[in-house]
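# Analysis of the macromolecular model
The residues making up each chain are set out below.
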Amino acid sequence: MEKWFSEKTDYIIKELVKILLTVLIFSLASQWLFNTFNNYLVDKVLNLFYKEKLSLLETLLTFLLSFYTLYLLVVKYANTVYKLRFFTIFLMFFCTVVYFLCRFNNLYSYTRIFTASNSNGIAFLDVPFFLLSTIILVFIINRLNFNLSKPENDLIIDLPLEIMKDDEYDRTEVYEGLIDQIIEINFQEKKSFCLGIANSWGEGKTSFLNFLENRLSSDTNTIIIKFNPWLSINSDNLTLDFFQTFNIELSKYVYTGSDFRKYANNLTAINSVYNPFKYLPNSWIGDKSHQKSFEDINETIRKSGKRIFVFIDDLDRLDNKEVFNLLRTVRNTANFGNVHFVVPFDKSYVINAIRENKIDKPDEYIKKIFDVEIVLPPIPKYIIQNIFFSLFRDLFINKLKTTKEQLDGFLEQLNSIVYDSGHVTSHRKKYSFLNTILFKVLKNKRDILRFYNAFVLILKVNYSWTYFPDLLILEILKMNDKDIYRALFENDHYLNSASDDNGRLYYLLKEGDEENDTLDFVEQVMARKKDEYVIIDRIDDEDITRLIKDLFSLPDEDDFMAKFGIAYQSNFANYFQYRENGIKFNDIDDFLNGE
């Protein structure tokens, strides 16, 4: 409810004020409005078209057209859940009420729909106002989100934040301080000012850009231009698309003429492989039109009397050539005065792109592009833990049809793994390492959502016959090394089996091993070094090695759902399928081999 008020209160108050003012004005000036309407519209215009009643053909056409219109409108607005502003709905409703009051009080003579009797019947205007009443009802339902059949979606879409109060990374004060400083920038020199936000993928760069835009949008002296290069068809179109976007936004405030088009076309011609002058020395060409267009644009920006902020997002989604071309555009061809670029980017990604374009010192090159680089603070582990715990806790409570015993067991395991607490028995080692590797892999909320969406698909159908920690390990392996995951899934050449009191067990296979039915032998196998196992003898990552070994270590018997550990041969197939007790492990191998 607090979030709802924070986003909607100002909007609702403004809508109510407009509605109340409209009612007040109408109540005070209603007589004058009616007189004006009668004298100028009814007497001089509408009476010219008045006829007592429509013919049968006209009546049929009226009904057919009206109800077909009703059908189209209801289907369109009901299915798309179109939300109209409250004040607009009120005006439609108000006009409808006024019409029916006049209609029932017989204030005017109305053209009637064809009727065989001498009764008044249905007036021609009754039909469109009836349609309008129906549409108003649909708009009200959509506005109130009245949708009883809304399907529940288990997957979660990762979207950048729009409101700073929704931030879960505990960085609100940092955001506010940075935004205050950026807003104060008013670089009015003959060159642009370029600010880089150098954070890795998923660390909140786009959300910060939205927060900054919200603050700047209230400044009437600032023009905001948003350019997403990822939407361009190819790298050759980036320059044209950029200047077209720039021109469209600036032309809302000052006449831009054809300056931008000429400038962009000149740039494209210069860079084209079909331009023979491209390969001649600049001193031989002396392209005055190019320089003149640049100066004309600078003068146009100066005349606008406003500072310009250009937001360029998704730089680290482009290929190497596109990254390089866009950076050159920012620093060279779009280096206009009173223009402030704000560019979020993943620094390691951009450095690699610059290096691939044959630039020897990419770090130094970036310094020439960006006047200032800021880095949003790192996300503390406890925040990632809280987000992960909250998400999975909601999954267990609200989306799985668990018993009370199952719910308690899952929540205890979740708490022990996420916060490295709870169990003190031998399986504590598996829990502790899971905690370490889990939050080494999941560095931000975007990582968590991707992991969650992949995990929830199998957990929702398999939670009753899988051991939660083993399923977590398997999903981490899938996320980090799909080859290893597929190797475990595809064949049994990396595993052997032995028996204990609870059934046959899988263990990691060493070349030359022969099947042995003693548990002591299984324990000896599990104690071997990593380079003795077939599946991990070529893996350099110690974390992956540890995960694979932990995956086939037996859980304590008193641990929740321990009997469903993946090490038990009878359970193995449950971890790789989306239904209960389907195909067996050897059947999977035969299926993948086409047998």
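Structure: above.
The paragraphs below set out a description of the structure included in this document. Because the structure is predicted, anything quoted here is derived from the model rather than measured.

On to the overall build of the protein chain, then. Counting secondary structure elements, the protein chain contains 22 helices and seven strands. The 595 residues of the protein chain split such that 44% are buried. Partitioning the contacts of the protein chain with sequence separation of at least 6, the portion at a separation of at least 24 is 73%. Only carbon and sulfur atoms are counted for the fraction: they give 56% of the accessible area of the protein chain, which is about 33,800 Å².

Attention now moves to the nonpolar core. In globular proteins that are soluble, nonpolar side chains generally tend to be buried together. The biggest cluster of nonpolar side chains holds 64 residues, and the ones touching the most others in it are Phe-388, Phe-392, Phe-396, Leu-414, Phe-451, Leu-477 and Phe-576. Of all elements in the fold, only helix H14 (381-399), helix H15 (404-419), helix H16 (428-441), helix H17 (445-462), helix H18 (468-480), helix H19 (482-490), strand S7 (503-508) and helix H21 (542-551) reach the threshold of two or more residues within this core. If one sorts the elements of this core by residue count, H14 sits on top with nine residues. With 42 residues, the next largest nonpolar core counts Phe-242, Val-254, Phe-341 and Val-343 among its residues.

Count 3.6 residues to each turn of an α-helix, and residues three or four apart come out pointing the same way. With 19 residues, helix H3 (residues 86-104) ought to run about 27 Å at 1.5 Å a step, and its terminal C-alpha atoms sit 27 Å apart, in line with that. Phe-87, Ile-89, Phe-90, Met-92, Thr-96, Tyr-99, Cys-102 and Arg-103 are the residues of H3 that are buried. In the stretch just after H3, Asn-106 is the one whose phi turns positive, near 50°.

Ring pairs (aromatic) are described by centroid distance and by the angle formed between their planes. Under the criterion given, the structure shown has 37 aromatic pairs. Each ring, one from Phe-345 and one from Phe-370, has its centre 4.7 Å from the other, and the planes form 10°; the classification is stacked. Of the two residues, Phe-345 is situated in strand S4 (residues 339-345) and Phe-370 in the loop between helix H13 (362-369) and strand S5 (372-374); the sequence distance between them amounts to 25 residues. The class for Phe-345 is buried, based on a relative accessible area of 0%. For the pair Phe-455 and Phe-468, a centre-to-centre distance of 5.9 Å together with 85° between the ring planes defines the contact as edge-to-face. Of this pair, Phe-455 sits in helix H17 while Phe-468 sits in helix H18, and the two are 13 residues apart along the sequence. Using a relative accessible area of 0% as the deciding quantity, one classes Phe-455 as buried.

With the rule as written, the count across this model stands at 17 salt bridges. The closest approach of N and O atoms between Glu-373 and Lys-347, which form a salt bridge, is 3.1 Å. With a gap of 26 residues between them, Glu-373 in strand S5 and Lys-347 in helix H12 (residues 347-356) connect regions that are remote in the sequence. Its relative accessible area of 29% is what places Glu-373 among the partly exposed residues. Lys-347 gets classed as partly exposed once you look at its relative accessible area, which sits at 31%. Between Lys-367 and Glu-364 there is a salt bridge, with the nearest N and O atoms lying 3.4 Å from each other.

So, on to the sheet that holds S5. Sheets are built from strands paired through backbone hydrogen bonds, the pairs being either parallel or antiparallel. On the basis of which strands lie adjacent, the open sheet formed by five strands has the order S2-S3-S4-S1-S5 and parallel pairing. A single partner strand is all that each edge strand has here, and the edge strands are strand S2 (222-227) and S5. Adjacent strand axes in the sheet meet at a mean angle of 20°, parallel and antiparallel pairs treated alike. As judged from the four bridges shared by strand S3 (residues 307-312) and S4, these two strands associate in the parallel manner. The residue of S4 that forms the bridge with Phe-311 is Val-342. The strands that helix H5 (residues 172-183) touches are strand S1 (193-198), S3 and S5; relative to S3, the one it contacts most, it runs at about 135°. Here helix H6 (residues 205-216) sits on the sheet in contact with S1, S2, S3, S4 and S5, set at roughly 160° to S3.

Helix length check: H5, at 12 residues, gives a terminal C-alpha distance of 16 Å against a target of 16 Å (1.5 Å per residue), a fit within 8%. For H5, the complete set of buried residues consists of Tyr-175, Leu-178, Ile-179, Ile-182 and Ile-183. Taken end-on, H5 shows its buried residues confined to a sector of 130°, consistent with a single buried face. The exposed residues of H5 that point more than 90 degrees off its buried face are Glu-173 and Gln-181. If you follow the buried residues of H5, they end up packed against S1, H6, S3 and S5.

Between H15 and H18, whose axes approach to 10 Å, the crossing angle comes to 50°. Classified by the angle between their axes, H15 and H18 sit oblique to one another. Each of Phe-410, Gln-413, Leu-414 and Ile-417 in H15 lies in contact with H18, whose residues at this interface are Phe-468, Pro-469 and Leu-472. Split by residue class, the contact of H15 with H18 holds six nonpolar, one polar and no charged.

Quick look at the pairing of S4 now. With seven of seven residues buried, S4 is to be regarded as a mostly interior element. With burial as the criterion, each face of S4 is covered, one bearing Val-339, Phe-341, Val-343 and Phe-345 and the other bearing His-340, Val-342 and Pro-344. As defined by bridge partners, S1 adjoins S4 across six bridges and the pair is classed as parallel. Bridge pairing in S4 places Phe-193 opposite His-340. On the question of chirality, the crossover connecting S3 to the parallel S4 by way of helix H11 (residues 320-333) is right-handed.

Turning next to the pairing of S1. Burial of S1 is extensive: six of the six residues sit out of reach of the surface. Neither face of S1 is left uncovered, since the one carrying Phe-193, Leu-195 and Ile-197 and the one carrying Cys-194, Gly-196 and Ala-198 both have all their residues buried. Direction of pairing for S1 relative to S5: parallel, over a ladder of three bridges. Looking at the pairing, Leu-195 lines up with Val-372 of S5.

Reading the values: rules and limits
Residues numbered from 1 in each chain as written. Predicted model: local features only at pLDDT ≥ 70, side-chain atom pairs only at ≥ 80, totals over all residues. Heavy atoms only, no water. Helix = DSSP H or I, 4+ residues; strand = E, 2+ residues; numbered from the N terminus. Buried < 20%, exposed > 50% of the residue type's maximum accessible area, 1.4 Å probe, protein only. Contact = heavy atoms within 4.5 Å. Areas by Shrake-Rupley, 256 points an atom, 1.4 Å probe, with all protein chains shown as cover. Core = buried A, V, L, I, M, F, W, Y, C linked by side-chain atoms within 4.5 Å. Expected span 1.5 Å × (residues − 1). Phe/Tyr/Trp six-rings, centres within 6.5 Å; stacked < 30°, edge-to-face > 60°. Salt bridge = Lys/Arg side-chain N within 4 Å of Asp/Glu carboxyl O. Pairing = 2+ DSSP bridges. Axes fitted to C-alpha atoms, helices over the stretch in contact; angles between N-to-C directions. Arc of directions from axis to C-beta. Parallel < 35°, antiparallel > 145°, perpendicular 65-115°, else oblique. Nonpolar A, V, L, I, M, F, W, Y, C, P; charged D, E, K, R; others polar. Right-handed = clockwise from strand over helix to strand, strands pointing away.

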